[in-house]
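Remarks on the overall topology
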Amino acid sequence: MIDWILAERIAGMVAGTGDAQLPAVELKPLAIESGARVTEYTGLRPVRPLPEPEGISRREWIHTNIGSMRVLLDPVVERAGTNLGPLKPAVEMGVGLLLSGEVGLVLGYLAQRVLGQYELVLLDEAVGDRPPRLLFVLPNLGQAVRTFGANEREFMTWVTLHEVTHAVQFAGVPWLHGHVAGLVRELLASAEVRLDAPRKLRVPSIAELRRAGAALRRGDLISIVTTSTERDTLDRVQAVMAVIEGHAEHVMDAVAPDLVPSLPKLRASLDRRRRSQSGLSRLIARLLGLDLKLRQYEQGKAFCDAVVAQAGVAALQHVFSSPEALPTLHELGHPEAWLARTATPVSDPIGL
């Protein structure tokens, strides 16, 4: 039902090409240095070579993510269309146009903002056909350098540290990809069940309306359209993604000081960029769940910073020791509860 060619064209028109000067810094030496530093700090040992960095355009980023989305969504959408009966052609055309437009708008908006991406197909059985990639969107990086008034090499080094940390996470934690893929598979399976189930029109209860209103005020639109079982899975997805993102945010700051003397200025500028959007951009971000992404960065980094401050770097390494060691959503906000549950001893953090 999704016309991916149309979606890609719409995304390209929305994204534009950017007008900033492209960075001239070579990415490969930065990635090699980042890999060595991240591995030393995190204690994670990659079991396979890290992908080489690639500098790409906005349109190339869109094309890559269209391919990843197809792997995830095509099977679900195709099975959902099998029960439409004689109305199938008309419904597919109408819904297809709507979905194609939505996908195009979302990817076009994101393509204007993303700086880098460790691109990994979330369903583990697809990895053989689509190996991980380490992508850097050059027009957006050039625009950020110009906007921040940053030293180009320092900024590119800092962003590279973040993305290489993701590569080290997935190459150095053998169970991580399968764990995330399993959660995604759960969500897709529940979506299929919901799409196949008969829809019954009824008037929502007062309690349901209140929950929906509260969710809208929080920008938590996902909770309105998901079941309680799906929300439980989403909570686990949110927790693991917050750890993955927060860990990268923590590491990029922890290993950067001698490489990036302007780190405090860059951190303040990046945080400001994430928060300072126009009214329309803020609305779009809330609708797309990007506010949730920002909270993942903040909450995950705060958790990792607190664990290191209270118990040392070795305690943070324990986060990736097993799926059971991952913090829950509650523990993300209460690192001491995670330290108590995992029985991670508190060490002297002096000198870290």
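It should be emphasised that the depicted structure is a prediction, and the values quoted were computed from it without experimental measurement. Residue indices follow the written sequence of each chain, beginning from 1 at its first position. Given that the model is predicted, a residue must reach a pLDDT of at least 70 before its local features are reported, and side-chain atom pairs must reach 80 or more before they are shown or counted; all residues, however, enter totals for whole chains, interfaces and linings. Side-chain measures were taken over the full set of non-hydrogen atoms in the model, leaving aside hydrogen atoms and water.

**Notes on the overall build of the protein chain**
Formally: Labels follow the DSSP assignment, with helices taken as runs of H or I lasting at least four residues and strands as runs of E lasting at least two, numbered in each case from the N terminus. Relative accessible area decides the class of each residue, using a 1.4 Å probe on protein chains only: under 20% of the type maximum gives buried, over 50% gives exposed, and in between gives partly exposed. We call two residues contacting when some pair of their heavy atoms lies within 4.5 Å. Shrake-Rupley sampling with a 1.4 Å probe provides the accessible areas, and residues are treated as covered by the protein chains on show and by no other component.
If you tally the helices and strands in the protein chain, you get 15 helices and three strands. Counting over 352 residues, the protein chain shows a buried share of 46%. Partitioning the intrachain contacts of the protein chain with sequence separation of at least 6 by distance along the chain shows that 82% fall at a separation of at least 24. Within the structure as shown, the protein chain displays about 17800 Å² of accessible surface, and the carbon and sulfur contribution to it stands at 60%.

**Some points on the sheet that holds strand β3 (residues 133-137)**
Across a sheet, paired strands are connected by hydrogen bonds in the backbone, their directions being either parallel or antiparallel. Quick reminder of the rule: For two strands to pair, DSSP has to find at least two bridges joining them. Comment: axis = line fitted to C-alpha atoms, over the contacting stretch for helices; angle = value between 0 and 180 degrees taken between N-to-C directions.
Taken in spatial order, the three strands of this open sheet run β1-β3-β2, and their pairing is mixed. The sheet is open, and its two edges are formed by β1 (53-56) and β2 (116-119), each paired on a single side. Strand-to-strand, the axes of this sheet are offset by a mean angle of 25°, without reference to chain direction. Of the pairings in the sheet, the one linking β1 to β3 comprises four bridges and is parallel in character. What sits directly across from E54, in β3, is L135. On the sheet, helix α5 (residues 138-148) packs against β1 and β3 and is oriented at approximately 50° with respect to β3. Taken strand by strand, helix α6 (residues 152-172) contacts β2 and β3, and its axis lies near 10° from that of β2.

**Observations concerning the packing of aromatic side chains**
Our working definition: Only Phe, Tyr and Trp rings take part, Trp by its six-membered ring, and two of them pair if their centres are within 6.5 Å. Stacked means planes under 30 degrees apart, edge-to-face means over 60, and tilted covers everything else.
Inspection of the entire model under this criterion finds three aromatic pairs. With a centroid separation of 5.9 Å and 25° between ring planes, the pair formed by Y118 and F170 is classed as stacked. Here Y118 is found in strand β2, whereas its partner F170 is found in helix α6, with 52 residues between them in sequence. Take Y118 and F170: they sit in the same class, and that class is buried.

**Examining the environment of P264**
Relative to the assigned elements, P264 resides in helix α10 (residues 263-275). We classify P264 as exposed; its relative accessible area is 61%.

**Quick look at the nonpolar core**
Here is the rule: The term nonpolar core refers to a set of buried residues drawn from Ala, Val, Leu, Ile, Met, Phe, Trp, Tyr and Cys, joined through side-chain atoms within 4.5 Å.
With 63 residues, the main nonpolar core has L141, F155, W158, L176 and V319 as its most contacted residues. Broken down by element, this core gets its largest block of residues, nine residues, from α6. Counting 15 residues, the second largest nonpolar core, distinct from the first, contains A7, I56, V114 and L135.

**Some thoughts on the pairing of β2**
Across the two faces of β2 the burial is the same, with G116 and Y118 and Q117 and E119 all buried. Inspection of the sheet shows β2 paired to β3 by four bridges, in the antiparallel sense. The residue bridging G116 from the neighbouring strand is F136, located in β3.

**Topic: the packing of α5 against α6**
Where we set the bar: We call two directions roughly parallel when the angle between them is under 35 degrees, roughly antiparallel when it is over 145, roughly perpendicular when it lies between 65 and 115, and oblique otherwise. For any pair of crossing helices, the crossing counts as left-handed if the nearer helix is rotated counterclockwise from the farther one by less than a right angle, and right-handed if it is rotated clockwise.
With their axes 10 Å apart at the nearest point, α5 and α6 run at an angle of 125° to one another. With respect to their mutual orientation, α5 and α6 come out oblique. Read as a crossing pair, α5 and α6 show a hand that is right-handed. Residues L141, A144, V145 and F148 of α5 form the contact with α6, whose participating residues are E152, F155, M156 and V159.

**Remarks on the packing of helix α2 (residues 27-42) against α6**
Between α2 and α6, the shortest axis-to-axis distance is 8 Å and the interhelical angle comes to 55°. One finds that α2 runs oblique with respect to α6. α6 is crossed by α2, and the crossing has right-handed handedness. Residues L27, L30, A31, S34, G35, V38, T39 and T42 of α2 lie in contact with α6, whose contacting residues are R153, M156, T157, T160, L161, V164, T165 and V168.

**A short note on α6**
In plain terms, the rule: Every helix has an expected span of 1.5 Å times one less than the residues it contains. Each polar contact in these results corresponds to two N or O atoms within 3.5 Å; when the atoms are within protein, one needs to be able to donate a hydrogen and the other to accept it, and residues that are neighboring in sequence are counted only if both atoms are side-chain atoms.
In a regular helix each residue adds 1.5 Å, so 21 residues correspond to 30 Å; α6 covers 29 Å between its end C-alpha atoms and thus fits that length. Summarising burial for α6: 19 of the 21 residues are buried, a large majority. Where α6 begins, the capping side chain belongs to N151, and its oxygen is found 3.1 Å from the backbone nitrogen of R153.

**Quick look at the confidence of the model for the protein chain**
Put simply, the rule reads: The quantity known as pLDDT measures the predictor's confidence residue by residue, on a range of 0 to 100.
Mean pLDDT over the protein chain: 81, with 72% of residues reaching 70 or higher. Across residues 278-288, where pLDDT falls below 50, the model places 16 contacts with residues more than four positions away in sequence or in other chains.

**Overview of α2**
One turn of an α-helix holds 3.6 residues; hence residues three or four places apart share an orientation. Compared with an ideal rise of 1.5 Å per residue, which puts 16 residues at 22 Å, α2 spans 22 Å between its outermost C-alpha atoms and is within 8% of the ideal. Looking one or two places after α2, you find G43, whose phi comes out positive at around 75°.

**Quick notes on the pattern of salt bridges**
Applicable threshold: What counts as a salt bridge is simple: a side-chain nitrogen of Lys or Arg found within 4 Å of a carboxyl oxygen of Asp or Glu.
This model, assessed by the stated rule, comprises 12 salt bridges. Three or more residues are tied together by salt bridges with common partners; here these are E249, D253, R267, D271, K301 and D305.

**Quick notes on the environment of L332**
As for its position among the elements, L332 is in helix α14 (residues 329-333). On the basis of relative accessible area, L332 is assigned to the buried category, the value being 3%. Sequence separation of L332 and A239 is 93 residues, and the distance between their C-alpha atoms is 7.4 Å.

**A look at the side chain of E331**
Inspection of the secondary structure puts E331 in helix α14. Of note is the side chain of E331, whose polar atom sits 3.0 Å from the backbone nitrogen of T328.

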